[in-house]
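Fold and geometry: a report
Below, each chain spelled out in residue letters.
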Amino acid sequence: MKKPEQGLASGRRTFLKQVASVAAVGAAPLRAGAAEPQQTAKTSAAGTSGEASSAEAASGGSSVTFPRVFQGSQLQTLAFPLGGIGTGSISLGGYGELRDWEIFNRSEKGRQPAYGFAAIWAQAGEEPAVARVVEARRPPPFVGERGFGWRSAPGLPRLERAVFTGEFPFATVDFTDERLPVEVTLEAWSPFVPLDVDATGFPVSVLRYRVRNPGPRPAQIALSFSLDNPVGAQGRVNQLWREGPVEGLFFSNPALDRADPFWGSFAVALAPSVGGELTYLTSWRDLQWNLPVRSFWEDFAADGRLDPSLHREAPQPGTFGPSSSVMSPVEVGSLSVSRSLDPGEEATTTFVLAWHFPNRTPSRCGWRPPPGAGDVVIGNRYCERFSDAWEAALAALADLPELERRSRAFTGVMRSSSLPEPVIEAAMSNLSTLRTNTCFQTADGGFHAFEGARDDGGCCSGSCTHVWNYEGALAALYPQLSRSVRESQFGYATAENGLQDFRYLLPYGQERYGQAAADGQMGNLVKLYLDWRLSGDLAWLRRLWPKAKLALEFAWIEGGWDADRDGVMEGCQHNTYDIEFLGPNPLCGVWYLAALRAGEEMATAVGDTAAAGEYRRLYERGSAWIDDHLWNGEYYIQLIQGQPLEGIAPGLYLAGRKTGDPTRPVNQVGEGCLVDQLLGQTVADAAGLGDLLDSEHLRGALTSILDNNFKRDLSEHAGVLRTYALGDEAGVVLCDFSRRPPPDTPFYFSSEVWTGCEYQLAASLYHRRRLSEADEIVEAVRLRHDGLRRNPWDEAECGHHYARALASWYCVLALCGFSYGAHDERLELDPKLPGPIRRGFWSVPSGWGSFTHSVEREVGEITIEALEGRLALRHLELGGVEGSTEVSVRLGSVGIGASATRADDRIQVELAQRIEVDAGHTLRLSIS
């Protein structure tokens with residue numbers, strides 16, 4: 001186990017020890033296959049691309065690429081979250097700084113330690129040495145009650161410029177400074193591996209500084225990292241620790257009570273490398289006016305090495321400077337690695353930042369606990385895996401090369417796909433939400449989520465069903481977490497009468513919330529079906545089916561959503577707009593149709609044939625009724641029908657909310673054109689449930705939403721509540737009343753623009769091969785998040801990192817057209833990607849990989865490759881392939897017997913035997 005290092009009085013020794021697997025990290029390519037920083041079509045020489053209008057982008061001048069490059073004024077809002085799923089995060093800013101230290105079990109925008117930065121010292125030949133903080137210089141304004149402040153010493157010399165390249169889960173900052181004789185680059189990342197929650201759940205940030213000597217003379221360099229102990233306040237202890245070849249600083253605070261929210265530890269571990277000399281400080285010298293940064297800088301700038309003897313006046317662990325100081329006392333530790341670089345030589349210095357803070361409580365993170373539960377610790381899954389931050393750092397370092405390889409494989413497949421670059425960038429960027437405090441895993445492994453993250457705590461707790469309905473990534477990328485949500489929702493959260501809480505309390509299972517959302521409850525049923533369909537786990541479905549059946553049939557209770565059992569929701573329907581719709585409407589009505597279809601499929605699978613038949617009857621009746629009564633010739637509308645309060649079942653009307661008197665309801669849609677009128681269809685498409693309404697009506701409704709709701713310039717749009725898009729930006733408003741009279745009081749969110757709604761609309765368009773229209777919508781969203789206007793890794797709504805934006809992954813699913821059922825091992829592959837050779841990504845609970853789908857000269861060839869895990873197949877249905885049905889199938893070098901038949905534009909292929917496409921192997925189908 002770890003031991004505090006003893007006998008290092010000089011603080012200087014050669015750092016030559018290495019472990020091959022760890023040292024290999026430094027040999028990885030800077031950005032495998034990534035584009036070099038470059039000026040994009042909408043980036044001026046000064047790098048101020050943000051002034052370009054969103055409307056202009058639609059004409060072909062898009063700057064949205066993957067990887068995406070930012071520079072100049074675009075760096076201002078960048079904050080790239082680093083960390084694991086459920087661990088909290090530290091963000092990398094556009095200038096190379098670390099910001100938003102949100103690792104203490106809550107979102108805390110702006111939180112940062114007093115000092116936390118890297119620095120470089122370099123000298124070429126006999127030229128004067130140059131020392132810089134490894135961050136780019138900030139642009140003005142420099143304002144504040146104490147000027148530009150003191151945290152992380154903004155007055156220290158910094159590098160002239162930076163170019164930031166974002167390619168989630170990797171971020172790279174290329175620095176430029178004419179006086180610095182070497183080139184320096186920062187590459188920051190945390191592991192992100194599809195399907196592997198543990199690999200993606202390390203509480204670490206990897207900071208790799210790469211230095212190259214481009215000159216003709218040898219250069220001496222040093223790279224340091226300094227951090228003020230972030231573990232609480234008084235009583236902090238910094239120690240140099242060594243375990244095997246790994247050395248670093250361990251930060252703790254024995255003075256804290258073990259129940260304190262800040263009790264825990266932090267570590268900065270140095271990855272072993274070759275030829276470096278390590279020097280260190282466990283504490284800076286505390287000078288008058290608490291300016292220890294001066295003692296550090298004078299020491300480091302002299303020769304790049306750190307000498308503890310110069311800091312002999314530094315306070316010992318557990319002691320502090322005068323309490324009357326203007327600034328808080330600090331306990332800052334530093335590591336510095338010095339080495340020589342020959343001309344053209346390059347070296348890397350890798351710091352792994354790790355944390356361990358187990359005391360998550362509902363009240364601290366912003367979750368509502370049951371009355372009387374107290375502030376009980378619900379914990380963190382990652383803290384059950386590791387005993388402290390040092391152990392987490394060691395575990396990450398031991399597997400770092402493999403974690404990086406697997407993470408790069410995922411990014412590489414997405415980058416090399418035929419997906420439009422704005423779609424890749426949108427989908428990958430929003431995956432960063434899973435790293436933030438919007439989401440967490442409790443000590444028992446349960447996955448829980450807010451809707452978003454406020455500046456200082458979670459926003460809207462309870463894994464809200466109607467918001468998380470929009471999320472499209474978990475079932476595909478982390479099915480274990482998706483199934484955890486389903487187990488919560490169809491566990492204690494569903495009462496014996498079938499009412500499903502659309503939020504729940506923590507600790508879980510002590511008290512129910514008692515209120516249902518029609519769209520949330522129906523959407524959860526569709527997602528349950530999708531989780532089962534992808535996994536094929538019939539035992540799991542059987543276990544949840546009784547509660548799922550109750551949840552679906554709850555719609556029929558007296559005073560409920562469909563009390564007359566006609567397949568149409570007429571009752572009081574609480575929904576994602578925080579209101580109740582009264583009367584039939586497309587949002588809840590289409591979700592209900594999707595749930596009935598999903599219920600039919602699940603009932604059939606578990607042998608409940610009577611229920612399957614009833615669900616089918618209601619679906620067909622409801623679908624016909626909606627097409628006959630809600631279709632106005634252009635789109636689907638709401639028929640407002642008031643209802644007396646006493647006729648509404650308990651738990652359906654949130655008294656005191658925005659609906660008012662239910663006999664004369666306000667905040668309704670009426671004849672407005674609603675962006676989410678086909679949301680249930682979007683998710684049904686992803687689940688393989690087919691068209692729920694008349695196909696021509698579906699296409700017509702999408703056209704109407706584009707014509708009415710998509711504003712290519714919002715300069716004249718009257719947004720009257722929260723503002724997420726404005727001015728010359730383009731966006732899709734929630735509801736448009738320009739062609740039909742609005743109700744007396746339209747629902748109050750109607751003029752807003754929500755990115756999750758835009759993405760689900762685009763996904764529905766992609767599914768129906770309306771590519772250019774969908775491209776324009778996705779591109780408009782991403783142009784609004786250009787670094788100048790907004791942070792590309794933070795799509796806000798009710799809080800930062802809002803979960804609804806994870807609907808962006810539905811665009812990937814729709815375009816790739818890879819639909820799999822593990823229960824019958826059937827694959828439907830019908831990509832909507834552009835071009836004759838289509839490359840895409842696939843992921844199911846058993847594995848993930850890539851595919852190609854090409855048709856040239858009436859000859860089709862399809863390949864499916866597993867990069868991890870496996871894909872079991874017996875049946876294939878292939879779209880987009882014309883010609884004969886002569887099919888040859890090979891798995892690697894082995895021929896597989898197969899027969900094929902044609903139905904319309906699809907080919908059905910039956911394999912003579914069940915096969916498994918394992919990692920490293922390729923299935924190849926040739927159709928001539």
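Structural notes, computed from the coordinates. (Residues numbered from 1 in each chain as written. Predicted model: local features only at pLDDT ≥ 70, side-chain atom pairs only at ≥ 80, totals over all residues. Heavy atoms only, no water.)

Let us look at the overall build of the protein chain. Looking only at helices and strands, the protein chain has 20 helices and 40 strands in total. With 928 residues in all, the protein chain has 63% of them scored as buried. Across the protein chain, the fraction of contacts at a sequence separation of at least 24, relative to all contacts at a separation of at least 6, is 71%. (Helix = DSSP H or I, 4+ residues; strand = E, 2+ residues; numbered from the N terminus. Buried < 20%, exposed > 50% of the residue type's maximum accessible area, 1.4 Å probe, protein only. Contact = heavy atoms within 4.5 Å.)

Another aspect to go through is the side chain of glutamine 500. Summarising the element assignment, glutamine 500 is placed in the loop between α11 (479–489) and α12 (518–535). The class for glutamine 500 is buried, based on a relative accessible area of 1%.

The next point concerns the sheet that holds strand β6 (residues 98–102). Spatial ordering of the open sheet is given by β4-β5-β6, a layout of three strands whose pairing is antiparallel. Edge strands, defined here as strands with exactly one partner in the open sheet, are β4 (79–82) and β6. On average, each strand axis in the sheet is inclined to that of its neighbour by 25 degrees, with strand direction left out of account. Taken together, the four bridges between β4 and strand β5 (residues 89–93) define a ladder with antiparallel strand orientation. The partner of leucine 82 across the bridge, within β5, is isoleucine 90. (Pairing = 2+ DSSP bridges. Axes fitted to C-alpha atoms, helices over the stretch in contact; angles between N-to-C directions.)

One pass over the structure, following the stated rule, counts 67 salt bridges. A salt bridge links glutamate 425 to arginine 68; its shortest N-O distance comes to 3.3 Å. One end of the pair, glutamate 425, is in helix α8 (residues 421–430); the other, arginine 68, is in strand β3 (residues 68–71), with 357 residues separating them in the sequence. Side by side, glutamate 425 and arginine 68 carry an identical accessibility label, which is buried. A salt bridge links arginine 768 to aspartate 685; its shortest N-O distance comes to 2.9 Å. Here arginine 768, found in the loop between α18 (755–767) and α19 (771–784), pairs with aspartate 685, found in helix α16 (residues 679–686); they are 83 residues apart in sequence, far enough to count as distant. In this pair, the class of arginine 768 matches that of aspartate 685, namely buried. (Salt bridge = Lys/Arg side-chain N within 4 Å of Asp/Glu carboxyl O.)

A large share of β5 lies buried, amounting to five of its five residues. Residues Ser89, Ser91 and Gly93 of β5 are buried on one face, and the alternating residues Ile90 and Leu92, pointing to the opposite face, are buried as well. Linkage of β4 to β5, two consecutive antiparallel strands, is achieved through a turn of six residues, within which glycine 83 is found at a positive phi near 150 degrees. Across four bridges, the pairing between β5 and β6 is antiparallel. Residue pairing for β6: leucine 92 is matched across the bridge by leucine 98. In this antiparallel pair of consecutive strands, β5 and β6, the connection spans four residues, and glycine 96 shows a positive phi of 95 degrees.

With that out of the way, let us pick up the packing of aromatic side chains. For the coordinates displayed, the defined rule picks out 52 aromatic pairs. Where phenylalanine 117 meets tryptophan 284, the ring centres are 6.5 Å apart and the plane angle is 55 degrees; that geometry is what we call tilted. Of this pair, phenylalanine 117 sits in strand β7 (residues 116–124) while tryptophan 284 sits in the loop between β18 (276–281) and α3 (292–303), and the two are 167 residues apart along the sequence. Note on accessibility: phenylalanine 117 and tryptophan 284 belong to one class, buried. Ring centres 5.8 Å apart and planes at 40 degrees place the aromatic pair tyrosine 577 and tryptophan 754 in the tilted group. You can see tyrosine 577 sitting in the loop between β25 (572–574) and β26 (580–582) and its partner tryptophan 754 sitting in the loop between β30 (735–736) and α18, a full 177 residues away along the chain. (Phe/Tyr/Trp six-rings, centres within 6.5 Å; stacked < 30°, edge-to-face > 60°.)

Turning our eyes to something else, we now look at the side chain of serine 808. Residue position: serine 808 is located in helix α20 (residues 808–816). From its side chain, serine 808 meets the backbone oxygen of alanine 805 in a polar contact 3.0 Å long. Once you skip the residues sitting within four places of it in the chain, serine 808 turns out to touch Ala426, Ala427, Asn430 and Tyr759. (Polar contact = N/O pair within 3.5 Å; in protein donor to acceptor, adjacent residues only side chain to side chain.)

What follows deals with the environment of alanine 900. Mapped onto the fold, alanine 900 is located in strand β38 (residues 898–903). Separated by 12 residues in sequence, alanine 900 and serine 888 have C-alpha atoms that sit 9.6 Å apart. Dropping the residues within four chain positions of it, alanine 900 is found in contact with Thr885, Val887, Ile907, Gln908 and Val909.

The next thing to look at is the nonpolar core. Counting 236 residues, the largest nonpolar core has Phe266, Leu431 and Trp809 as its most contacted members. Residue contributions to this core peak at 13 residues, all from helix α14 (residues 586–606). When residues no more than four places from it in sequence are discounted, the contact partners of leucine 431 are Phe168, Phe192, Phe410, Ala473, Leu477, Leu806 and Trp809. Among the nonpolar cores identified, the runner-up in size contains 24 residues, and Val204, Ala267, Ala389 and Leu403 belong to it. (Core = buried A, V, L, I, M, F, W, Y, C linked by side-chain atoms within 4.5 Å.)

Further remarks concern the packing of helix α6 (residues 389–398) against helix α7 (residues 400–415). Interaxial distance between α6 and α7 falls to 5 Å at its minimum, and their mutual angle equals 65 degrees. By the criterion of interaxial angle, the relationship of α6 to α7 is roughly perpendicular. Of the residues in α7, those touching α6 at Ala396, Leu397 and Ala398 are Leu400, Pro401 and Leu403. Considering only residue class, the contact of α6 with α7 consists of six nonpolar, no polar and no charged. (Parallel < 35°, antiparallel > 145°, perpendicular 65-115°, else oblique. Nonpolar A, V, L, I, M, F, W, Y, C, P; charged D, E, K, R; others polar.)

Bear in mind that shape data such as this cannot, by itself, settle questions of function.
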